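So the chains spell out like this:
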Amino acid sequence: MDPQSIHSTLNASESLKPHPEYYFPDGNIVLLAGSSAFRVHSFILARRSDLFRDLFDIPQPQDDEYSYDGCTVVHLSDSAKEIDFLLFMMYDGGRSYFSAAYSLSFAQVAMMLHLGTKYQMEDVREEAISRLWRCYPSHLPHFDNEVTRRDSIYDAHPFDAIRLAHRFGLDFILPPAYYLCTRMGLDTMVKAARKGWWNFDDLRICMKARKKLRTAEIAANRSFASYLESWSNIAWQTVCINPTVCNDTMRLCINILKWSSRAPLCYSCIALFGHVHDVQRSKIWSELGQYCNVPNWSSTSIIRRCALGDSRETIVSNDTPLSRR
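Note that this is a predicted model, so its numbers are computed, not measured. (Residues numbered from 1 in each chain as written. Predicted model: local features only at pLDDT ≥ 70, side-chain atom pairs only at ≥ 80, totals over all residues. Heavy atoms only, no water.)

A word on the overall build of the protein chain
Part 1 of the argument: Across its full length, the protein chain holds 17 helices and 5 strands.
Part 2 of the argument: The 325 residues of the protein chain split such that 46% are buried.
Part 3 of the argument: Sequence separation of 24 or more characterises 66% of the internal contacts of the protein chain that already satisfy a separation of 6 or more.
Part 4 of the argument: When the accessible surface of the protein chain is split by element, carbon and sulfur atoms take 53% of a total near 16800 Å². (Helix = DSSP H or I, 4+ residues; strand = E, 2+ residues; numbered from the N terminus. Buried < 20%, exposed > 50% of the residue type's maximum accessible area, 1.4 Å probe, protein only. Contact = heavy atoms within 4.5 Å. Areas by Shrake-Rupley, 256 points an atom, 1.4 Å probe, with all protein chains shown as cover.)

See the structure below:
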């Protein structure tokens, strides 16, 4: 807000345009944003925003030069589009934004975070953070569930998420976002940095994380191959219901380290080796914060969840079997 600019703005009041929706005849306060005037109700603003509540506690000038259409004026530095969105969230129309049934765009979530922070609207801010949390979760099975992630933010891109995380100190979404970037080609990441989609510090972090992930994945593959080579162990003999077919398939897996449920393995062997594979993935995932220069990622995630009061993420042991991508 810029109270000093109120007088100069009102001198050109003939250029102001009442907003087509948020200009209520019974409103008692006028918000000016650009060339738009919003005549709204101070009690609603004060009820939804701590910043407006504190502002209205201060006696307002009664001089005509600080009024518009008989109402006290508050000049805002935000754009008319942002104030339109802010009032949409304050009045009943914004209620749908708090429903899990509605998938929002990244731009909408970013605006909720920006305005919720600036105008001290904790419910709006926390809803935005919760959606970012669900889109970039720390719990691997939730990260693997791409449908749930899209249901939260349908067009999220990791470059945008990283910029937003830096701006608002949301470190807990950085490792999953960096991880998605490591799956991109090198040319794509460098081009994005040159175009300003993210900064070169992020590129360096991502490149180091990519190298560490690759090393960890190679080690995990070797460990998995060693396990497959021990197919004669008691555990395998106990569970396998088709040794002849599974034996040939496991020899193939040792050579290519690539298998799926379509391979001619019995369901018992698929479950057993799937568990071993998932434990390896879980171990690598648990170290992702260290790879991405967010060493306190686990504790940060837990603190963030407690602050949100969100029980949708379940803390699990690194040894818990996890679903595969």
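Comments concerning the sheet that holds strand β5 (residues 71-75)
Part 1 of the argument: A sheet is described by the order of its strands in space; here 5 strands give the open sequence β1-β3-β2-β5-β4, paired in mixed fashion. The open sheet terminates on both sides in strands that have one partner only, identified here as β1 (17-23) and β4 (67-68).
Part 2 of the argument: As paired strands, strand β2 (residues 29-33) and β5 are joined by 4 bridges and run parallel to one another. Residue Leu-32 lies in a different strand from β5, and its bridge partner there is His-75. (Pairing = 2+ DSSP bridges.)

Details of the packing of helix α4 (residues 80-90) against helix α5 (residues 106-118)
Part 1 of the argument: Between α4 and α5, the shortest axis-to-axis distance is 11 Å and the interhelical angle comes to 80°. Regarding the angle of α4 to α5, the classification is roughly perpendicular. Here Glu-82, Phe-85, Leu-86 and Met-89 of α4 come into contact with α5, specifically with Gln-108, Met-111, Met-112, His-114 and Leu-115.
Part 2 of the argument: Of the residues in the contact of α4 with α5, the class split is 6 nonpolar, 2 polar and 1 charged. (Axes fitted to C-alpha atoms, helices over the stretch in contact; angles between N-to-C directions. Parallel < 35°, antiparallel > 145°, perpendicular 65-115°, else oblique. Nonpolar A, V, L, I, M, F, W, Y, C, P; charged D, E, K, R; others polar.)

A closer look at the environment of Arg-134
Part 1 of the argument: Note on placement: Arg-134 falls in helix α6 (residues 122-135).
Part 2 of the argument: Separated by 18 residues in sequence, Arg-134 and Ser-152 have C-alpha atoms that sit 6.5 Å apart.

Notes on the packing of α5 against α6
When two helices pack together, their arrangement is given by the angle between their axes and by how far apart the axes lie.
Part 1 of the argument: It is the contact of α5 with α6, at a shortest axis distance of 7 Å, that shows an interaxial angle of 140°. Here α6 runs oblique to α5, going by the angle between their axes. Considering how the two elements wind past one another, α5 and α6 form a crossing that is left-handed. The segment α5 lies against α6, with Phe-106, Val-109, Met-112, Leu-113, Gly-116 and Thr-117 engaging Val-124, Arg-125, Glu-127, Ala-128, Ile-129, Arg-131 and Leu-132.
Part 2 of the argument: In the contact of α5 with α6, the residues fall into 8 nonpolar, 2 polar and 3 charged. (Left-handed = near helix turned anticlockwise from the far one by under 90°.)

Remarks on the packing of aromatic side chains
Part 1 of the argument: Going through the model one piece at a time under the given rule, you end up with 14 aromatic pairs.
Part 2 of the argument: Taking the centre distance of 4.9 Å and the plane angle of 45° together, the rings of Trp-133 and Phe-172 count as tilted. Highlighted residues: Trp-133 in helix α6 and Phe-172 in the loop between α9 (158-168) and α10 (174-182), separated in sequence by 39 residues. Just as Trp-133 is buried, Phe-172 falls in that class too.
Part 3 of the argument: On the numbers, 4.8 Å between centres and 45° between planes, the contact of Phe-143 with Trp-285 is tilted. (Phe/Tyr/Trp six-rings, centres within 6.5 Å; stacked < 30°, edge-to-face > 60°.)

Concerning the environment of Ala-177
Part 1 of the argument: The residue Ala-177 is located in helix α10 in this model.
Part 2 of the argument: Residue classification places Ala-177 among the buried residues on the basis of a relative accessible area of 1%.
Part 3 of the argument: With sequence-adjacent residues up to four places away left out, Ala-177 is seen in contact with Tyr-136, Pro-158, Ala-161 and Ile-162.

Side note on the nonpolar core
Part 1 of the argument: Counting residues in each nonpolar core, the largest one holds 74 residues, and the members touching the most others are Leu-31, Leu-87 and Trp-198.
Part 2 of the argument: Those residues within four positions of Leu-31 in sequence are excluded, and the remaining contacts are Ser-36, Ala-37, Phe-38, Val-40, Leu-45, Phe-52, Val-74, Leu-76, Ile-83 and Leu-87.
Part 3 of the argument: In terms of nonpolar packing, the next biggest core, distinct from the first, is built from 8 residues, Tyr-23, Leu-32, Ala-37 and Tyr-68 among them. (Core = buried A, V, L, I, M, F, W, Y, C linked by side-chain atoms within 4.5 Å.)

Considerations on the pattern of salt bridges
Part 1 of the argument: Applying the stated criterion across every chain yields a total of 12 salt bridges.
Part 2 of the argument: Here Lys-118 and Asp-78 are joined by a salt bridge, their closest N and O atoms 3.0 Å apart. Taken together, the residues Lys-118 in helix α5 and Asp-78 in the loop between β5 and α4 connect sequence positions 40 residues apart.
Part 3 of the argument: Taking the relative accessible area as the measure of exposure, Lys-118 reaches 27% and is therefore partly exposed. (Salt bridge = Lys/Arg side-chain N within 4 Å of Asp/Glu carboxyl O.)

Topic: the confidence of the model for the protein chain
Do not read the fine detail of predicted coordinates wherever pLDDT is low.
Part 1 of the argument: Per-residue confidence for the protein chain gives a mean pLDDT of 80, with 71% of residues at or over 70.
Part 2 of the argument: For the stretch residues 1-9, pLDDT sits under 50, and the model shows 16 contacts to residues farther than four places along the chain or on other chains.
Part 3 of the argument: Here residues 309-325 is modelled with pLDDT under 50, and outside its nearest four sequence neighbours on either side it reaches 44 contacts, counting other chains as well. (pLDDT = per-residue confidence, 0-100.)

Let's talk about α10
Part 1 of the argument: Burial within α10 is extensive, with 9 of its 9 residues counted as buried.
Part 2 of the argument: Buried within α10 are the following residues: Leu-174, Pro-175, Pro-176, Ala-177, Tyr-178, Tyr-179, Leu-180, Cys-181 and Thr-182.

Remarks on unusual backbone geometry
Part 1 of the argument: Positive phi, close to 55°, is recorded for Asp-69, a residue that is not glycine.
Part 2 of the argument: Of note, Asp-69 is situated in the loop between β4 and β5.
Part 3 of the argument: Even without being a glycine, Asn-293 presents a positive backbone phi close to 65°.
Part 4 of the argument: Here Asn-293 lies in the loop between α16 (288-291) and α17 (297-308).

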